[in-house]
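If you want the building blocks of each chain, they are given just below.
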Amino acid sequence: MSAAILDKEGKRLLLMGNEAMARGALEAGVDLVAGYPGTPSSEVIERLWEVAEARKFYVQWSTNEKVAFEVAAGASLEGARTLCTMKNAGLNVAMDSFATLAYTGVRGGMVLMVADDPGAHYSSTEQDTRTLAAYAEVPCLEPCDQQEAKDMVKAAFDLSEELELPVMVRSVTRLSHASGDVVLGSLKDSESLIGFNKHYKIPYRWNVYGAPGAVSKHVWLQETLTRAGEYSEESGFNSLSIPQNPSKVGIIASGLGYAYVRDVLHTLGMMDKVNLLKIGFLNPLPKKKILELLDASTYVIVVEEGEPYIERLVRGIESERQADRVPVFGKFPGERNVLPSTGELTCNVDEPALLKVYGMAYPDCSCCLSGKKGDDEARGKAEALVTPRSSALCPGCPHLGSYWALNQALKREPGIHIINGDIGCYEQGGYGLFAQAVAASDEAAKKYAVRTPYETLDTLHVMGSGLGMAQGQAHLGKLKGVEGHVVAVSGDSTFFHAILPSIVNVVVNATPATYLVLDNRWTAMTGHQPSATTGENPLGQDTPALDIAAIVRAVGVKNVFEACPFDLEESIKTIKEALACEGPSVVILKGECTLQLARRKATGAPFVVDPEKCTGCRTCLGLGCPAITFDSVANLAGIDAASCAGCGMCESVCPFDAIHSTETGKRG
Ligand SMILES: Cc1ncc(C[n+]2csc(CCOP(=O)(O)OP(=O)(O)O)c2C)c(N)n1
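What you see as residue numbers is a count from 1 along each chain, following the sequence as written. The predicted nature of this model means local features are confined to residues of pLDDT at least 70 and side-chain atom pairs, given and counted, to a pLDDT of 80 or more, with totals for whole chains, interfaces and linings taken over all residues. Each side-chain value is derived from all of the structure's non-hydrogen atoms; neither hydrogens nor water enter the calculation.

**Q** Just to check I follow, could you spell out the overall build of the chain for this structure?
**A** Secondary structure elements are defined from DSSP: runs of H or I of at least 4 residues count as helices, runs of E of at least 2 residues count as strands, and each element is numbered from the N terminus. Summing up its helical and strand segments, the chain has 21 helices and 25 strands in all. In terms of overall dimensions, the chain is globule-like: its C-alpha atoms have a radius of gyration of 28 Å, near the 26 Å expected for 668 residues. Overall, the C-alpha framework of the chain stretches about 80 × 65 × 55 Å when taken along its three principal axes. Classification of residues uses two cut-offs on accessible area relative to the type maximum, computed with a 1.4 Å probe and protein chains only: under 20% is buried, over 50% is exposed, and between them is partly exposed. Across the 668 residues of the chain, 53% fall into the buried class. Contacts: residue pairs with any heavy atoms within 4.5 Å of one another. Excluding contacts between residues fewer than 6 apart, the proportion of contacts in the chain whose partners are at least 24 apart in sequence is 77%. Accessible surface is estimated by sampling points in the Shrake-Rupley manner with a 1.4 Å probe; for residues, cover comes only from the protein chains shown. By element, 54% of the accessible surface of the chain is carried by carbon and sulfur atoms, the whole surface being about 29,000 Å². Think of it this way: Lys and Arg go in the positive column, Asp and Glu in the negative one, and His and the chain ends go nowhere. Charged groups are reduced to one reference atom each: NZ for lysine, CZ for arginine, CG for aspartic acid, CD for glutamic acid. Positive and negative side-chain charges of the chain, numbering 61 and 80 respectively, have mean locations separated by a distance of 1 Å. Two things to know: the radius of gyration comes from C-alpha atoms, and the globule rule equals 2.2 Å times the number of residues to the power 0.38.

Dropping the structure here:
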């Protein structure tokens, strides 16, 4: 695909939204790109890595989103065109810098691409970052398809330079990860005039506190945003169409919401029969166009992915105008609610919504609201056919060994243990199934038996939160004499992203908690981007591989242990030693991601179960490896040779010596 995004002007290609946005940056002559992986945003940078040398720009995966944002911002202050990418949650991490950079503005065009995830396909929340762009008082654009995604990223660089503000482009999962037709524009060589000017246009331009101070910079920001409103009014990304005989119903549709509305209107043969305002430039909104639509319509429906963000503002505009003459329908609760305020929009959701609004004008159409019932029935039937199960770690995943070892190490320890999880492949250690709620007062019942790795984690929130929460629990437990261990786990990429300040906090507050780093050498969850322990960049070139044990020792952790999670006995013993320590302890469980081993053909021969020796005890199932099967009729375990990675962990857990490698034929 790298060659494709370098294809020549005029070529029509099928591109993923993220690839289209990468191309947009190349057509803008980008100088520097930085980001942190996060689905569904990562492919923008992955594609750009592949062409960076040829197109002579700099690219990096940064340690976290705040760092990435600052890397891009710093270069922009020198006049470079910069792109920064992240997922929705990433903007929370970068927020401090994002909200503050707007006060000084930028010099070279700076575009921030944030991919939201309505429907939470890949995320802990459905958070809508458009509200954060508004909060930071930064212009925000949102494409409706892949062509516009490319064009918008390119245009965002010009807009950013024109306004001297960073410009945010908001994408969503279905745009970033779906493919569509894109006609390419011309690639552009960088034309940036690079050079740093401390007093650019105003004295101490790049210092929020610099005279005449933050308030005056805020005044400038608000004036600039007002100017941005004029651009929004004129922007080709916002278009209003009112038929000759204006319809009673006006639709305001933004981003992907517009794409769905367009499909539904085509299906219903109503494309040129409604008053339609397409919004792509959404902060600030094109207020005059909205007023025109309101003037022409009896009802208005707002269709947008995420919160009722535009709807709220349109309601405000309408009530400011003349005592709520035009009812505004959308996602707000109440009698004008026609769209769900959670989950993702689809044509199935939008069509009944549009018809419901029409149903008020044309009551005959209310029969069309039955679509959801049909969906629910089909889902109910499908659910009856499927065996419920948790999502699983890969066969031979080192995290399986880490969880097995942790659960074994804690097994006979007194008290109720709290295992704080974090975000990464290993978060599946908390997905579980079939648990029952227990009243807070029911002390005994709180000690749930953990039968598989997938029931291990007790808390799971955001990157870095596990170790933070563990500290509160450990200190409180000590103060109140609560029995039980407090543990936190995280991966290696998460360690560098969010744990570093937290581990310093552990040390300076002498926190009696145990922290396990599940170091699989990669940022596996988001598609195997390198982490700081990998030792190579995405092009396979050598980079320093940082040593987590040395880092935690350097910040003052005295009890630092290392073990290999594929060696279960060693891991159990090591974790027990760490749990027995008085103060803070850290265990680094170092075992490379099995998918990477498989890619390098470094996995072992498959293992098999000897039916003569297997007693059907099911101990091996407790490892949670998806390659292990169980025949409940024959009461025998088995191993799926095609998926077995040959790690041998199952051999070590079998109490009857019934599992062995096909290579050696016996326990090695
Ligand atoms: C703030 C934020 N940024 C990015 C992500 C996307 N993301 C989920 S897990 C993860 C890192 C996983 O790497 P690691 O901690 O090494 O664990 P692994 O998946 O390799 O087991 C990332 C970047 C996120 N969830 N939140």
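Okay, back to it.
**Q** Would you mind showing me how to read the site of the ligand here?
**A** Think of it this way: one heavy atom of a residue within 4 Å of a molecule or strand is enough to make that residue near it. Residues in close proximity to the ligand total 25 residues, the closest being E65, H399, C425, T494 and W522. What qualifies as a polar contact is a pair of N or O atoms within 3.5 Å, subject to a donor-acceptor requirement within protein and to the restriction that residues adjacent in sequence count only when both atoms come from side chains. D492 places a side-chain nitrogen or oxygen 3.3 Å from an oxygen atom of the ligand. Take N520: an N or O atom from its side chain is 3.0 Å from an oxygen atom of the ligand. Protein contact buries 96% of the 580 Å² of open area that the ligand shows by itself. Looking at the shell around the ligand, the elements with two or more residues in it are α5 (88-104), α17 (492-508) and β18 (522-523). Grouping the amino acids of the shell around the ligand by side-chain chemistry returns 11 nonpolar, 11 polar and 3 charged. Polar here means any residue outside two lists: the nonpolar Ala, Val, Leu, Ile, Met, Phe, Trp, Tyr, Cys and Pro, and the charged Asp, Glu, Lys and Arg; Gly therefore counts as polar.

**Q** Looking at this structure, I do not really get unusual backbone geometry. What am I missing?
**A** Excluding glycine, residues mostly have negative phi values, and the peptide bonds linking residues are mostly trans. With an omega dihedral of 15°, the bond running from T39 to P40 counts as a cis peptide bond. Inspection of the secondary structure assignment puts P40 in the loop between β2 (32-35) and α3 (43-55). With an omega dihedral of 0°, the bond running from N283 to P284 counts as a cis peptide bond. For A510, which is not a glycine, the phi torsion comes out positive at approximately 45°. Within the element layout of this structure, A510 appears in the loop between α17 and β17 (514-519). Even without being glycine, R521 reaches a positive phi, approximately 75°. Given the relative accessible area of 24%, R521 is considered partly exposed.

**Q** Mind showing me how you'd approach the sheet that holds strand β4 (residues 82-87) here?
**A** Taking strand neighbours across the sheet as the criterion, the 7 strands line up as β3-β2-β4-β5-β7-β6-β12 in an open arrangement whose pairing is mixed. In the strand order of this sheet, the two ends are held by β3 (58-61) and β12 (281-283), each with one partner. In short, DSSP must find at least two bridges between two strands for them to pair. In the sheet, strand β6 (residues 140-141) pairs with strand β7 (residues 167-172) via 2 bridges, with the strands oriented parallel. What sits directly across from C140, in β7, is M168. Running over the sheet, α3 touches β2, β3, β4 and β5 (110-116) and is turned about 135° from β3. Where helices are involved, their axes are fitted lines through C-alpha atoms of the stretch in contact, as for all axes, and angles between N-to-C directions lie from 0 to 180°.

**Q** Which parts of the structure should I look at to understand the packing of helix α11 (residues 287-296) against helix α12 (residues 309-322)?
**A** Helix-helix packing: each pair is described by the crossing angle between the helix axes and the interaxial distance. Look at α11 against α12: their axes get within 11 Å of each other, and the N-to-C directions meet at 65°. Taken together, the axes of α11 and α12 are roughly perpendicular relative to one another. α12 is crossed by α11, and the crossing has right-handed handedness. Contacts between α11 and α12 involve K287, I290, L291, L294 and D295 on the former and, on the latter, V314, I317, E318, E320 and R321. We call two directions roughly parallel when the angle between them is under 35 degrees, roughly antiparallel when it is over 145, roughly perpendicular when it lies between 65 and 115, and oblique otherwise. In this scheme, a crossing is called left-handed if the near helix is turned counterclockwise away from the far one by less than a right angle; it is called right-handed if the turn is clockwise.

**Q** Looking at this model, I keep getting lost on the nonpolar core. Mind explaining?
**A** Generally speaking, nonpolar side chains in soluble globular proteins are found buried as a group. In these notes, a set of buried Ala, Val, Leu, Ile, Met, Phe, Trp, Tyr and Cys residues joined through side-chain atoms within 4.5 Å is what counts as a nonpolar core. With 115 residues, the main nonpolar core has L83, L91, I251 and I252 as its most contacted residues. For L83, the contacting residues outside a window of four places in its chain are A25, V30, L32, V33, A34, V44, L48, A72, V111, M113 and F157. In terms of nonpolar packing, the next biggest core, distinct from the first, is built from 45 residues, F561, I572, L589 and C620 among them.

**Q** Just to check I follow, could you spell out empty space enclosed by the protein for this structure?
**A** Picture a little ball the size of a water molecule; that probe, rolled over the atoms, points out where space is still empty. A 1.4 Å probe that fits into a set of points on a 1 Å grid over the protein atoms alone but cannot get out defines a cavity; an open set with protein on both sides within 12 Å along at least five of seven lines defines a pocket, and lining residues are those with an atom within 4 Å of a point. Grid points are joined across faces, edges and corners, and a volume is the space filled by probe spheres set on the points. One pass over the full model with this rule turns up 2 cavities of 30 Å³ or more. The calculated volume of the largest cavity comes to roughly 100 Å³. Among the residues making up the lining of the largest cavity, the classes are represented as 11 nonpolar, 3 polar and 1 charged. Within this model, the second largest cavity holds a volume of roughly 70 Å³. Residue classes in the lining of the second largest cavity are distributed as 10 nonpolar, 3 polar and no charged.

**Q** Can you walk me through the packing of aromatic side chains in this structure?
**A** The description of two aromatic rings rests on the distance between their centres and on the angle between their planes. We call Phe, Tyr and Trp rings a pair once their centres come within 6.5 Å, taking the six-membered ring for Trp, and we label the pair stacked below 30 degrees between planes, edge-to-face above 60, and tilted otherwise. Counted according to the given criterion, the structure contains 5 aromatic pairs. Ring geometry for F495 and Y515: centres 6.5 Å apart, planes at 10°, overall stacked. Of this pair, F495 sits in helix α17 while Y515 sits in strand β17; the two residues are 20 residues apart in sequence, bridging distant segments of the chain. Across the pair, exposure class does not vary: F495 and Y515 are buried alike. Think of it as a cone above the ring: NZ of Lys or CZ of Arg counts as a charge over the ring if it is within 6 Å of the ring centre and within 35 degrees of the ring normal. Its guanidinium or amino end placed over the ring of Y200, R107 lies 5.4 Å from that ring's centre, counting from NZ or CZ.

**Q** Hey, could you run me through helix α15 (residues 398-410) in this one?
**A** Residues lying three or four places apart along an α-helix face the same way, a consequence of the helix completing one turn every 3.6 residues. Here α15 is 13 residues long and its end C-alpha atoms lie 19 Å apart, about the 18 Å a rise of 1.5 Å per residue gives. Within α15, 12 of the 13 residues are buried, which leaves it mostly tucked inside the rest of the structure. Where α15 is concerned, the buried positions are P398, H399, L400, G401, S402, Y403, W404, A405, L406, N407, A409 and L410. How far a helix is expected to stretch is found by multiplying one less than its residue total by 1.5 Å.

**Q** Sorry if this is basic, but what is going on with the sheet that holds strand β15 (residues 418-420) here?
**A** The 5 strands lie next to each other as β15-β16-β17-β21-β20, forming an open sheet whose pairing is parallel. A single partner strand is all that each edge strand has here, and the edge strands are β15 and β20 (559-563). Taking the axes of each pair of neighbouring strands and ignoring which way they run, one obtains an average angle of 20° across the sheet. For strand β16 (residues 486-491) and β17, the ladder comprises 5 bridges, and the chain directions are parallel. Across the sheet, the residue bridging to S490 is V517, located in β17. Lying on the sheet, α15 is in contact with β15, β16, β17 and β21 (585-590); it crosses β17 at an angle near 160°. Running over the sheet, helix α16 (residues 465-480) touches β15, β16 and β17 and is turned about 170° from β16.

**Q** Even after reading the chapter, I still don't get the environment of A178, so can you show me in this structure?
**A** With respect to the helices and strands, the residue A178 is situated in the loop between α8 (173-176) and β8 (179-183). Given a relative accessible area of 30%, A178 falls into the partly exposed group. In the structure, A178 is positioned 79 residues away from A99 in sequence and 30 Å away in space, judged by C-alpha atoms. Excluding residues that lie within four positions of it along the chain, A178 makes contacts with L15, M16, G17, Q146 and T173.

**Q** I keep staring at the side chain of S235 and nothing clicks. Help me out?
**A** Mapped onto the fold, S235 is located in the loop between α9 (214-234) and β9 (239-241). Among the polar contacts made by the side chain of S235, one reaches the main-chain amide nitrogen of F237 at a distance of 2.9 Å.

**Q** Teacher, can you tell me more about the pairing of β16 here?
**A** Every regular strand shows the same layout, with side chains that alternate between the two sheet faces. Counted residue by residue, β16 has 6 buried out of 6 residues, so it is predominantly covered. Note that β15 and β16 share 3 bridges and pair parallel. Paired with N420 across the bridge in β16 is A488. Since β16 and β17 lie parallel, the crossover through α17 that links them has a hand, and here it is right-handed. Orient the strands so they point away from the viewer; a crossover is then right-handed if the path from the first strand over the helix to the second runs clockwise.

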